[in-house]
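Breakdown of the fold
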Amino acid sequence: VRLLLAKRAELRNNYAIEWRLTGVGSRRIGWIADPTGLDPEALLAGQFPSIPAWKTPHNLHQWLATADPQVFFEASSLDWRCGQPAIDHLKAALECGAHAVSANKGPIVHAYLELCALAKARGRRFLFESTVMDGTPIFSMFPHSLPAVDLRGFRGVLNATTNVVLTEMEKGLTLEQAVKRAQDIGVAETDPSDDLDGWDATVKVAALVIVLMGVDIKLDQIERTGIRGITPEQVRAARESGMRYKLICRAERTPSGIRASVKPEQLPLTDPFALLEGTTSAVRFDLDVFGLSIIEHKAAVIATAYGLLGDFIRAVQ
Ligand SMILES: NC(=O)c1ccc[n+]([C@@H]2O[C@H](COP(=O)([O-])OP(=O)(O)OC[C@H]3O[C@@H](n4cnc5c(N)ncnc54)[C@H](OP(=O)(O)O)[C@@H]3O)[C@@H](O)[C@H]2O)c1
């Protein structure tokens, strides 16, 4: 919402897009809707409108019916096991005629084809640029700027928390201290298990394989090892011998299907991925015609917001 406000004049002047916010919902605040428009500045300040009880939506469907959105943004917490409740949110939004924009990668892993089919049937878009590497144009780049390429595989450092934790362990912190440091700078969740155990990275690998390689891979088909088993001594010994640990994501097309993994690897300092610090992430795509690397430097939450904004513009145009 902050980014929508900051770009309001740009959207109006250069894209002829006017917007108003007609609904917002979360577990704590419930379902708030006003088809004439909510005050985004007030919402950002934590001031919610007092709507009479008889006008207050009590569930997702009432909320969508009242807000009557043309675009719906899904940014609820990731549940990598089933992709819910995000899948139901996105389906309901598409069914009521809105474009659906998701930062949540669960729906791609568990319902990509279904959501694409529903969007197509309704003449709307299902877009999800910010699910992998935030605002970096990955999903939007492939169909438009790289037509007719064959993606043979990719390799990446796609999880910020583990990158920060491994960097801090090199400086002498224990795993617990390094996680605390990552939480203090707002990178790691209160429960960092999904990052440390490699689930977040695995879901990203699955999303890239499903969307860009056209194979409906399941999470249990991706070999996964997190970073909990690596000791500070191992991290420092690697550093002293000119190597660095990184949680590496890989996928490649083989004659028998996709081989994919997420696991810690020691990289020589001559490997560009060894130089990635903190929240910087990177991916190298192996195309049939050339190799292409993309680095996103020091991403913060505004980069995720930008992915959503880019999808918003692509959808309404
Ligand atoms: N943070 C990033 O930089 C980043 C980058 C790329 C993608 N993503 C994805 O973007 C999404 C949001 O990330 P986040 O870091 O903001 O997650 P988060 O801290 O877990 O916040 C999620 C939000 O979703 C709401 N929510 C959770 N379950 C809900 C439900 N059943 N119904 C309605 N609202 C619900 C929460 O509301 P309450 O607080 O009221 O419970 C909260 O406002 C996640 O899917 C994440 O994987 C995040």
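Note: the structure precedes this text.
Scope of this entry: the structure provided in the associated data block. (Residues numbered from 1 in each chain as written. Predicted model: local features only at pLDDT ≥ 70, side-chain atom pairs only at ≥ 80, totals over all residues. Heavy atoms only, no water.)

Core analysis: the largest hydrophobic core is formed by 73 residues, its most contacted members being Phe126, Phe154, Val165, Leu212 and Phe285. Looking at this core, the element that brings in the most residues is helix α11 (residues 199–212), giving eleven residues. Judged by nonpolar contacts, the second largest core, of 16 residues, contains Ile17, Leu43, Val101 and Leu308. (Core = buried A, V, L, I, M, F, W, Y, C linked by side-chain atoms within 4.5 Å. Buried < 20%, exposed > 50% of the residue type's maximum accessible area, 1.4 Å probe, protein only. Helix = DSSP H or I, 4+ residues; strand = E, 2+ residues; numbered from the N terminus.)

A separate point is the side chain of serine 261. In this fold, serine 261 is placed in strand β9 (residues 257–268). The residues contacting serine 261, other than those within four sequence positions of it, are Val205, Ile222, Glu223, Ile248, Cys249 and Arg250. (Contact = heavy atoms within 4.5 Å.)

Right, let's get into the site of the ligand. Around the ligand lies a shell of 16 residues, among which Ser26, Arg27, Arg28, Ser76 and Ser77 are the nearest. At 2.7 Å, a side-chain N or O of arginine 27 approaches an oxygen atom of the ligand. Between the ligand and the protein, one listed contact pairs an oxygen atom with a side-chain N or O atom of lysine 105 at 3.3 Å. When the free accessible area of the ligand is taken as 900 Å², the share hidden by the protein chains comes to 68%. (Near = heavy atom within 4 Å. Polar contact = N/O pair within 3.5 Å; in protein donor to acceptor, adjacent residues only side chain to side chain. Areas by Shrake-Rupley, 256 points an atom, 1.4 Å probe, with all protein chains shown as cover.)

By the burial criterion, the buried members of helix α4 (residues 60–67) are Leu60, Trp63, Leu64 and Ala67. Along the axis of α4, the buried residues cluster in a sector spanning 95°; they form a single face. Across from the buried face of α4, at angles greater than 90 degrees, the exposed residues are His61 and Ala65. Buried residues along α4 sit against β1 (23–26), β2 (30–33), β3 (71–74) and α5 (86–95). Looking at where α4 begins, the residue whose side-chain oxygen comes 3.1 Å from the main-chain nitrogen of histidine 61 is asparagine 59. (Arc of directions from axis to C-beta.)

This brings us to the packing of aromatic side chains. The full count for this structure, using the stated rule, is nine aromatic pairs. Ring plane angle 45° and centroid distance 5.9 Å describe the contact between phenylalanine 73 and phenylalanine 312, whose orientation is recorded as tilted. A residue pair is termed long-range when its members are at least 10 positions apart, and phenylalanine 73 in strand β3 and phenylalanine 312 in helix α13 (residues 301–316) qualify at 239 residues. On the basis of an interplanar angle of 10° and a centroid distance of 3.7 Å, the ring pair of tryptophan 80 and tryptophan 199 is categorised as stacked. With tryptophan 80 in the loop between β3 and α5 and tryptophan 199 in helix α11, this pair connects stretches of sequence that are 119 residues apart. For the pair shown, tryptophan 80 and tryptophan 199 are each scored as buried. Here the aromatic cluster, defined as three or more aromatic residues joined through ring pairs, consists of Tyr112, Phe126, Phe128 and Phe139. Note that arginine 8 overlies the ring of tryptophan 19, its terminal NZ or CZ placed 4.0 Å from the centroid. Above the ring of tryptophan 199, the side-chain terminus of arginine 224 is found at 3.8 Å from the ring centroid. (Phe/Tyr/Trp six-rings, centres within 6.5 Å; stacked < 30°, edge-to-face > 60°. Lys NZ or Arg CZ within 6 Å of the ring centre and 35° of its normal.)

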